[in-house]
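Close look at the chain arrangement
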Amino acid sequence: MTPDLWALPETVRFAGRAWRVRSDFRDVLALLRWLDGSADPALTESERWYVALALFYQDFGCIPTENYREACEQMATFIQAGRPDAGPFAPRLMDWQQDAALIAAGVARAAGQDLRALPHLHWWSFLGWFDSIADGPFATVVALRDKLRRGKKLEPWERDYYRAHRSEVDLHRPASPEVDAEKQRLLALLNDKERG
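Residues numbered from 1 in each chain as written. Predicted model: local features only at pLDDT ≥ 70, side-chain atom pairs only at ≥ 80, totals over all residues. Heavy atoms only, no water.

**Details of the overall build of the protein chain**
Counting secondary structure elements, the protein chain contains nine helices and two strands. Starting at the N terminus and ending at the C terminus, the protein chain contains elements arranged as β-β-α-α-α-α-α-α-α-α-α. Residue burial in the protein chain is summarised as follows: out of 196 residues, 31% are buried. Residue pairs at least 24 apart in sequence account for 63% of intrachain contacts in the protein chain once pairs closer than 6 positions are excluded. (Helix = DSSP H or I, 4+ residues; strand = E, 2+ residues; numbered from the N terminus. Buried < 20%, exposed > 50% of the residue type's maximum accessible area, 1.4 Å probe, protein only. Contact = heavy atoms within 4.5 Å.)

**Some thoughts on the nonpolar core**
The biggest cluster of nonpolar side chains holds 41 residues, and the ones touching the most others in it are Y57, M75, F78, I79, W123, F126 and F130. Secondary structure elements with two or more residues in this core: strand 1 (11-14), helix 1 (25-35), helix 2 (45-56), helix 3 (68-79), helix 4 (100-111), helix 5 (123-131), helix 6 (137-150) and helix 7 (156-164). When residues of this core are assigned to their parent elements, the largest contribution, six residues, is made by helix 1. Apart from the residues within four sequence positions on either side, I79 is in contact with V28, L31, L32, L35, W123 and L127. (Core = buried A, V, L, I, M, F, W, Y, C linked by side-chain atoms within 4.5 Å.)

**What to know about the pattern of salt bridges**
According to the stated counting rule, one finds 13 salt bridges in the structure shown. Measuring nitrogen to oxygen at the nearest pair gives 2.6 Å for the salt bridge that ties R92 to D95. One salt-bridge network, held together by shared partners, links R17, R20 and D59. (Salt bridge = Lys/Arg side-chain N within 4 Å of Asp/Glu carboxyl O.)

**Things to note about the pairing of strand 1**
Of the two faces of strand 1, only one is covered, namely that formed by V12 and F14; the face formed by T11 and R13 stays uncovered. Alignment of strand 1 against strand 2 (residues 17-20), held across four bridges, turns out to be antiparallel. Across the sheet, F14 pairs through a bridge with R17, a residue of strand 2. Joining the antiparallel neighbours strand 1 and strand 2 is a turn of two residues, in which A15 adopts a positive phi near 55°. (Pairing = 2+ DSSP bridges.)

**Considerations on unusual backbone geometry**
In the Ramachandran plot, A15 falls in the positive-phi region, its phi being about 55° despite a non-glycine side chain. Here A15 lies in the loop between strand 1 and strand 2. Residue classification places A15 among the partly exposed residues on the basis of a relative accessible area of 41%.

**Side note on the side chain of E158**
As for its placement among the helices and strands, E158 is situated in helix 7. Within the structure, E158 has its side chain in polar contact with the backbone nitrogen of E155 (distance 2.6 Å). Apart from the residues lying within four places of it in its own chain, the contact partners of E158 are L144, K147 and K153. (Polar contact = N/O pair within 3.5 Å; in protein donor to acceptor, adjacent residues only side chain to side chain.)

**A closer look at the confidence of the model for the protein chain**
The predicted model of the protein chain averages 88 in pLDDT, with 84% of residues at 70 or higher. Mean pLDDT across the elements of the protein chain bottoms out in helix 9 (residues 177-195) (59) and peaks in strand 2 (97). (pLDDT = per-residue confidence, 0-100.)

**A look at the packing of helix 6 against helix 7**
Running from N to C, helix 6 and helix 7 point in directions that differ by 105°, and their axes come no closer than 11 Å. Classified by the angle their axes make, helix 6 and helix 7 are roughly perpendicular. From helix 6, P137, T140, V141, L144, K147 and L148 reach across to helix 7, where they touch W157, E158, Y161 and Y162. (Axes fitted to C-alpha atoms, helices over the stretch in contact; angles between N-to-C directions. Parallel < 35°, antiparallel > 145°, perpendicular 65-115°, else oblique.)

**Considering helix 3**
In this model helix 3 runs 16 Å from its N-terminal to its C-terminal C-alpha over twelve residues, within 8% of the 16 Å that 1.5 Å per residue would give. Inspection of helix 3 places A71, C72, Q74, M75, F78 and I79 among the buried residues, and these make up the whole buried set. An end-on view of helix 3 places all buried positions within 165° of arc, on one side of the element. Along its buried surface, helix 3 packs onto strand 1, helix 1, helix 2 and helix 5. Note on helix 3: the residue one or two positions beyond its end, A81, has a positive phi of about 55°. (Expected span 1.5 Å × (residues − 1). Arc of directions from axis to C-beta.)

This is the structure in structure tokens:
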């Protein structure tokens, strides 16, 4: 079913009924962390989707397990705001968590207000303002990432910007479970030394 792109839906339909969803942009950004594995890299893909479903659907406990696939499809359609999927091989040029400060500034500029202060903002409205980020630091960072990914030559000002903001421009990979476990082990050792 094609969503009404002029509405701001609070439900999605499958299994013969409407299911209430959490539509605030903060809720969707939180579940995206689970889907991309950054919330808990140790989870399998199916476990990540299960957690995302539980976060997305207000009545998740009532969804029959045989409808999980359709629930996933409807959640994905909602997250994409009814737009076609870019596919699994689309280049990754941004990260919702790493770029949060840049995105918040760009969206606030496009909207004319800080959206984080609003008690509720529908995900689709947020995406509309997100898509309106035409210039500024976030647009610069994404453009540099794209040029670097494609091996294009950087302009002198871009090279200077990249040198000064390399940690913002380079996309970080989520820690693997092994790296995270090692980090936890080292922190435990430090804590033991501080106590002892």
